[in-house]
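# A look at the structure
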Amino acid sequence: MQSSNHRLRDMEQHHPLLSAGADVETGSLAAGVIVGSPHAGHTAGNRTLWFIQDSCGMVCAAMTWFLVLYAEFVVNFVMLLPAKNFWYSLLNGATFNSLAVLALASHMRTMLTDPGAVPKGNATKEYMESLQLKPGEVIYKCPKCCSIKPERAHHCSICKRCIRKMDHHCPWVNNCVGEKNQRFFVLFTMYIAMISAHALGLSGMHFFSCVKVQWNECSEFSPGVSVLLLIFLCLEAILFLTFTAVMFGTQIHSICNDETEIERLKNEKPTWERHVRWDGMKAVFGGPPSLLWCNPFTGLRLRRVLLLTHGRRGGSEFAV
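In this text, all values refer to a predicted model and were calculated from it rather than measured experimentally.

### Some points on the UniProt feature "transmembrane region" (unreviewed entry) in the protein chain
Residues given the UniProt feature "transmembrane region" (unreviewed entry) here are residues 56–80, 86–105, 184–207 and 227–248. Within residues 86–105, the helical portion is 100% and the strand portion 0%, while the C-alpha atoms at the span's ends are 28 Å from each other. Counted over residues 227–248, helix gives 100% and strand 0%. Its end C-alpha atoms are 31 Å apart.

Below you can see the structure in the form of structure tokens.
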């Protein structure tokens, strides 16, 4: 049995449970992060939403939505609606707004999806006996959340849980990026990069067209206000494009090499069967390559969402 000092060591150290009859200290359970259930784990039968109650993360997530909606406002009301070319406004408006909806949907799926949390406090005598361990077989316990630690799981100090295949904790989505929500995070970075590039292109064309004519004819806003709105949009688009493009590239690289960011930084040697390149992509996005890979609504059950938000039963169940 491990001493209490061992349990208080660094959260990423692995501590073997040499005996299936080892006692578990249940008094050290951290505060829960599941809305509506402060101590229970996120299981299939738990009718609660996964949401991290972190003030910094919630502020960053709200800022993300505000900046995307600000970009939509400037693109639609400053550049496209006043344009004289109907088809130019229609095509660009439909493209930009569709990508913005997909980006926000991907952000929401990343934020509200369980990233692969290990059940908290499951390192009990009864549970270990149910594993039917072979003689000499060693399992590991996280000293922070008192759970049996699967291979490639790491403890997040913000989520206060061990997360399977944890890549990193991202405050902009107020959640960890792990085994179950990495695909949505990849889509989020991709769509944000796309709308940022699109906004930059539209801003450049708008400036160029307005130079030829009077600024009063380019927008319903005053020239000074229009210029300030466009300048702020360009700065936002440049920052977002740079950040998300780099993040998208690193995520694809990690998936194709079947190596999380934490594993790369710690230079952990793989002891698992690696799924590289297309096998890795299929493992994260599910199934063979298709347009469903780009759909953040895939697997979303409307009836389940209604049950989680309203706590009611009934009605048909729809799944994309």
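### Let's talk about the pattern of salt bridges
Across all of its chains, the model carries 4 salt bridges by this definition. R152 is the partner of E263 in a salt bridge, and the nearest nitrogen-oxygen pair spans 2.8 Å. Taken together, the residues span a long stretch of sequence, with E263 in helix α7 (residues 261–265) and R152 in the loop between β2 (139–141) and β3 (153–156) at a distance of 111 residues. Assigned by exposure class, E263 and R152 land together as buried. In this structure, the salt-bridge partner of K165 is D258, at a minimum N-O distance of 3.7 Å. Here K165, found in the loop between β4 (161–164) and β5 (168–170), pairs with D258, found in the loop between α6 (223–257) and α7; they are 93 residues apart in sequence, far enough to count as distant.

### Digging into the nonpolar core
Ranked by size, the top nonpolar core spans 37 residues in total, and within it V74, V75, M79, F185, I192, L233 and F285 carry the most contacts. Looking at this core, the elements that each hand over two or more residues are α2 (55–80), α3 (86–112), α5 (182–212), α6 and α8 (278–285). For F285, the contacting residues outside a window of four places in its chain are R183, V186, L187, I255 and W293. Within the second largest apolar cluster, 9 residues are counted, among which are W50, I52, A117 and C176.

### Quick look at the packing of aromatic side chains
Aromatic ring pairs are reported here in terms of the distance separating the ring centres and the angle at which the planes meet. Following the criterion strictly, the structure yields 7 aromatic pairs and no others. Relative to F77, the ring of F73 lies with its centre 5.4 Å away and its plane at 35°, an arrangement referred to as tilted. Of this pair, F73 and F77 both sit in helix α2, 4 residues apart, roughly one helical turn. Take F77: its relative accessible area is 44%, and that puts it in the partly exposed class. Note on F285 and W293: the rings are 5.2 Å apart at their centroids and 25° apart in plane angle, and the pair reads as stacked. We note that F285, like W293, is buried. The rings of F73, F77 and F221 are connected pair by pair, giving a single aromatic cluster.

### With respect to the packing of α5 against α6
Two quantities define a packed helix pair, namely the angle between the axes and the distance from one axis to the other. At a minimum axis distance of 7 Å, the contact between α5 and α6 shows a crossing angle of 145°. Where α5 crosses over α6, the two elements pack in a sense that is left-handed. In terms of residue class, the contact of α5 with α6 is built from 21 nonpolar, 7 polar and no charged.

### Observations concerning unusual backbone geometry
Positive phi, close to 50°, is recorded for K165, a residue that is not glycine. A positive phi angle, close to 50°, is found at D258, a residue other than glycine. Taking relative accessible area as the criterion, D258 reaches 6% and is therefore assigned buried.

Here is what the cut-offs are and how they apply
- Residues numbered from 1 in each chain as written.
- Predicted model: local features only at pLDDT ≥ 70, side-chain atom pairs only at ≥ 80, totals over all residues.
- Heavy atoms only, no water.
- UniProt positions renumbered as here; feature names shortened; annotations may be inferred.
- Helix = DSSP H or I, 4+ residues; strand = E, 2+ residues; numbered from the N terminus.
- Salt bridge = Lys/Arg side-chain N within 4 Å of Asp/Glu carboxyl O.
- Buried < 20%, exposed > 50% of the residue type's maximum accessible area, 1.4 Å probe, protein only.
- Core = buried A, V, L, I, M, F, W, Y, C linked by side-chain atoms within 4.5 Å.
- Contact = heavy atoms within 4.5 Å.
- Phe/Tyr/Trp six-rings, centres within 6.5 Å; stacked < 30°, edge-to-face > 60°.
- Axes fitted to C-alpha atoms, helices over the stretch in contact; angles between N-to-C directions.
- Left-handed = near helix turned anticlockwise from the far one by under 90°.
- Nonpolar A, V, L, I, M, F, W, Y, C, P; charged D, E, K, R; others polar.

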